[in-house]
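Residues per chain are reported as follows:
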Amino acid sequence: MPTIELDKKLTRYLLGDLSEQERIEIEDRYLSNGEFFDELVVAEDELIDDCVRGKLSRKDRELFEQNFLTSAARRERVKSSRALMEFADMHAATPHVSWWRRVRSAFKLESPAMGFVLATGFMMLIVGVPLVVIQMSKLRSDLKGLQSEQLAQNQREKELDKLVAQQKQQNDELNQAINRERAERGELEQEVARLRELQAPPPTFALGFGEIERSKGGPPEAMKLTVPRGAEVIKLRLDLLKDQYENYLVVVENAQQHDIWRGSLQATKAERGKAVVVRLPSRLFVTGQYKLTLSGTNDKREYEVISDFNLDITRK
Amino acid sequence: MMEDQPVYKKDWVLTGPAFDKLLACLDSDLNEAGRKLLDIRRKLQKFFECNRCPDPDELVDMTIDRGARRIDEGVEVRELPSYLTQIARFVLKEHWASPQKKMDEIEDEGSGSPLVAPTVDDARNAKEEQEERLECLEKCSGKLVPVERQRVIDYYYEQGRAKIDKRKRMAADLRITLGNLRVRMHRTRERLEECILDCLSNKKRI
């Protein structure tokens, strides 16, 4: 018997819609034949499913309720079938298609070799892309870190430069202040010395024209000066060929090139032209070598060296 | 004195030795005999079920007990399945002829009256029960291997006329006949139904 006809007959049997003779034939068959019994249970599943899906005719529906739903077990099976249909419809609404099948269908590549190539490429893509992204992200982060570090370093350097410049300016200002102070002090000392000269004239030394001496070439010869015992001040006269500066600066350095005295002076009238007369406290000196530098201030208030004098001083 | 008294058929109970004799008629191997008996039992169950018996299990037990008694009494049985089928037909006739059956039919007719319409509570309970059943099915389907679970979805998903073609494709994919696929799906369905019943009874216990 063809399958469709057999299915129909089994359905009629399950619905109690066969003659006595037909029913006995079917029962004898399924009770003795395992495969036929399987046909029966499958037909029963499908009858229940058709009922749940509402596919039974009105007559079959009545037969189903009257002749089929006779046991609690069968009623239970109908409920389970309803749940099964709902479950299948629910999950089939979002059909599960494997990613591999999607890739294959997307590229329409069915040959195993191409599939392998594609799979390898795809895997490399899956593995590689995140790695590259991670690496790039790390590099970008490192670069940002370095940039910000460099920026901070530049900022620090700028601040340090600024600080150094400020410090240097402060030092310059301080030096200028000190020099000014010392020059003023020198002036005061000159004034005091002049007043004392009225009581006791100090030993005076004429150093000559330093500029002329200098123009002779060669190392200038040290002038020997002796400071007499009891002299508080010594007077040095620096003759000028030409009085072309408004102010003059005299700086005295010891053998260690330490600036031991400086004073801002003006030229005075001397026996032969103009001269810068310097009055120095004798306490500044011990026996030894000294250097005196005479400078003049120009229009820009900058000092220009006029002459150097090497002094060989002896104290008595 | 007691041993000489006759044992009436309705008072006979299945003993261990009688059951062993029954199994021996099926197969010399005890395990195989047990498997064959279970197979007979399933078929008899369906037989009584298909003959509109409300409690097939009871009638199956009655049939097997009666066959075991006859074998225990010395009846020589060559083909036990056929012999039990004959007994089952007698049991069915007795069942239909019994006064209790007639009483049950009268009660069934009363309870099945179309005049008694289902109430709102009945509908609500039925809906809740169905939701619980679906939850159990979700859980039970999770016990299947993923391929099998997907096969259940594909097989039972309603697709109208395309259903037959789809099932044929499924069978072809598995390299089995459509008939074998249907049987395979029935077995899976049986497992799921058993699991659902267990799950529901556990829920009721909680």
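What counts and what doesn't
- Residues numbered from 1 in each chain as written.
- Chains lettered and ligands numbered in written order.
- Predicted model: local features only at pLDDT ≥ 70, side-chain atom pairs only at ≥ 80, totals over all residues.
- Heavy atoms only, no water.
- Contact = heavy atoms within 4.5 Å.
- Buried area = accessible area lost by both parts, 1.4 Å probe.
- Helix = DSSP H or I, 4+ residues; strand = E, 2+ residues; numbered from the N terminus.
- Core = buried A, V, L, I, M, F, W, Y, C linked by side-chain atoms within 4.5 Å.
- Buried < 20%, exposed > 50% of the residue type's maximum accessible area, 1.4 Å probe, protein only.
- Pairing = 2+ DSSP bridges.
- Axes fitted to C-alpha atoms, helices over the stretch in contact; angles between N-to-C directions.
- Phe/Tyr/Trp six-rings, centres within 6.5 Å; stacked < 30°, edge-to-face > 60°.
- Lys NZ or Arg CZ within 6 Å of the ring centre and 35° of its normal.
- Disulfide = S-S within 2.5 Å.
- Salt bridge = Lys/Arg side-chain N within 4 Å of Asp/Glu carboxyl O.
- Patch = residues over 30% accessible without salt bridge, like charges linked within 9 Å, V, L, I, M, F, W, Y side chains within 5 Å.
- Areas by Shrake-Rupley, 256 points an atom, 1.4 Å probe, with all protein chains shown as cover.
- Lys, Arg positive; Asp, Glu negative; His and termini not counted.
- Charge placed at Lys NZ, Arg CZ, Asp CG, Glu CD.
- 1 Å grid on protein atoms, 1.4 Å probe; cavity = no way out; pocket = protein on both sides within 12 Å on 5 of 7 lines; lining within 4 Å.
- Points joined across faces, edges and corners; volume = space filled by probe spheres on them.
- Nonpolar A, V, L, I, M, F, W, Y, C, P; charged D, E, K, R; others polar.
- pLDDT = per-residue confidence, 0-100.

Between chain B and chain A, the contact holds 41 residues from the first and 51 residues from the second. Of the roughly 4,100 Å² buried between chain B and chain A on both sides combined, carbon and sulfur atoms contribute 54%. The three residues of chain B that bury the most area against chain A are B:Lys43, B:Arg182 and B:Arg189, which together make up 16% of that side's buried surface. For the side of chain B that touches chain A, the element with the highest residue contribution is helix H9 (residues 178–205) of chain B, accounting for ten residues.

Moving on to the nonpolar core. One recurring pattern in soluble globular proteins is that nonpolar side chains are buried together. Within the largest apolar cluster, 48 residues are counted, with the highest numbers of intra-cluster contacts made by A:Tyr13, A:Leu14, A:Tyr30, A:Phe64, B:Leu44, B:Phe48 and B:Leu80. Put simply, the parts of the chain that give this core at least two residues each are helix H1 (3–14), helix H2 (20–32), helix H3 (34–52) and helix H4 (58–68) of chain A together with helix H1 (16–26), helix H2 (30–50), helix H3 (56–72) and helix H4 (80–97) of chain B. Per-element accounting of this core gives the leading share, eight residues, to H3(A). Once residues lying within four places of it in the same chain are set aside, the contact partners of A:Phe64 are A:Leu15, A:Leu47, A:Ile48, A:Cys51, A:Leu56, A:Leu69 and A:Val78. In terms of nonpolar packing, the next biggest core, distinct from the first, is built from 26 residues, A:Trp261, A:Leu292, A:Leu294 and A:Phe309 among them.

Residues and elements named next belong to chain A. With respect to topology, five strands assemble into an open sheet ordered S2-S9-S8-S4-S5, the strand pairing being mixed. Both outer strands of the open sheet, strand S2 (223–227) and strand S5 (259–265), are each paired with one neighbouring strand and no more. Strand-to-strand twist of the sheet, defined as the mean angle between neighbouring strand axes without regard to direction, takes the value 25°. Where strand S8 (residues 288–297) meets strand S9 (residues 303–315), ten bridges bridge the pair, whose relative direction is antiparallel.

Moving on, we get to the packing of aromatic side chains. This structure, assessed with the given rule, holds seven aromatic pairs over all chains. Relative to A:Tyr30, the ring of A:Tyr13 lies with its centre 5.8 Å away and its plane at 65°, an arrangement referred to as edge-to-face. Remark: A:Tyr30 occurs in helix H2 and A:Tyr13 occurs in helix H1; sequence separation between them is 17 residues. When sorted by exposure, A:Tyr13 lands in the same class as A:Tyr30, which is buried. Ring centres of A:Tyr245 and A:Tyr248 lie 5.7 Å apart, and the angle between their planes is 85°; on these two criteria the pair is classed as edge-to-face. The pair A:Tyr245 / A:Tyr248 is uniform in exposure class, with both members buried. The rings of A:Tyr13, A:Tyr30 and A:Phe37 are connected pair by pair, giving a single aromatic cluster. Sitting above the plane of the A:Phe68 ring, A:Arg74 keeps its charged end 3.9 Å from the centroid. Across the ring face of B:Tyr155, the terminal group of B:Arg167 is positioned such that the distance to the ring centre comes to 3.6 Å.

Below, the discussion takes up the environment of B:Val13. Among the structural elements, B:Val13 can be located in the segment before H1. Note: C-alpha distance between B:Val13 and B:Asp65 (52 residues apart in sequence) is 7.4 Å.

Residues and elements named next belong to chain B. Applying the stated criterion across every chain, the model contains two disulfides over all chains. A disulfide bridge connects Cys 136 with Cys 199, and the sulfur atoms are separated by 2.1 Å. When the S-S torsion is -75°, as for the bridge of Cys 136 with Cys 199, the disulfide is left-handed. Note that Cys 136 is positioned in helix H6 (residues 120–141) and Cys 199 in helix H9, a separation of 63 residues in sequence. For Cys 199, a relative accessible area of 10% translates into the label buried. Note that Cys 140 is cross-linked by a disulfide to Cys 195, the S-S spacing being 2.1 Å. Given an S-S torsion of about -85°, the disulfide between Cys 140 and Cys 195 has left-handed geometry.

Bringing the pattern of salt bridges into the picture now. Throughout the structure, instances matching the rule amount to 45 salt bridges over all chains. The residue B:Lys43 makes a salt bridge to B:Asp39 at a minimum N-O spacing of 3.3 Å. With B:Lys43 and B:Asp39 both in helix H2, this residue pair falls four residues apart, about one helical turn. Residues joined by salt bridges that share partners form a network here, namely A:Glu44, A:Asp45, A:Asp49, A:Arg74, A:Arg77, B:Lys46, B:Glu49, B:Arg189 and B:Glu193.

Together, A:Glu86, B:Glu128, B:Glu131 and B:Glu132 line one region of the surface with negative charge. At three residues, H6(B) tops the list of elements feeding residues into the negative patch. Here B:Glu132 is to be found in helix H6. Relative accessible area serves as the criterion here: at 33%, B:Glu132 is assigned to the partly exposed category.

Within the structure shown, the criterion is met by four cavities of 30 Å³ or more. For the largest cavity, the calculated volume is near 80 Å³. Forming the walls of the largest cavity are A:Glu46, A:Asp49, A:Asp50, A:Arg53, A:Lys55, A:Met85, B:Tyr155, B:Tyr156, B:Tyr157, B:Glu158, B:Lys163 and B:Arg167. Elements with a contribution of two residues or more to the lining of the largest cavity: H3 of chain A together with helix H7 (146–156) and helix H8 (162–174) of chain B. Broken down by element, the residue count for the lining of the largest cavity peaks at three residues, all from H3(A). Grouping the constituent residues of the lining of the largest cavity by class yields four nonpolar, no polar and eight charged.

Quick look at the confidence of the model for chain B now. Residues and elements named next belong to chain B. Here chain B averages 84 in pLDDT, while 84% of its residues score no lower than 70. Overall, residues 110–115 carries pLDDT values under 50, and its contacts beyond four positions in sequence, including any with other chains, amount to zero contacts. Scored as a complex, the prediction yields pTM 0.54 and ipTM 0.84.

Here we come to a nonpolar patch on the surface. Together, A:Met123, A:Ile126, A:Val127 and A:Leu131 line one region of the surface with nonpolar side chains, adding up to about 360 Å² of accessible area. By the element assignment, A:Val127 lies in helix H7 (residues 112–197).

In this model, A:Gln257 sits at a positive phi of 65°, which is unusual for a non-glycine residue. Mapping A:Gln257 onto the fold places it in the loop between strand S4 (248–253) and S5. With a phi angle near 60°, B:Arg52 is a residue other than glycine that sits in the positive phi range. Considering the arrangement of structural elements, one finds B:Arg52 in the loop between H2 and H3. Taking relative accessible area as the criterion, B:Arg52 reaches 35% and is therefore assigned partly exposed.

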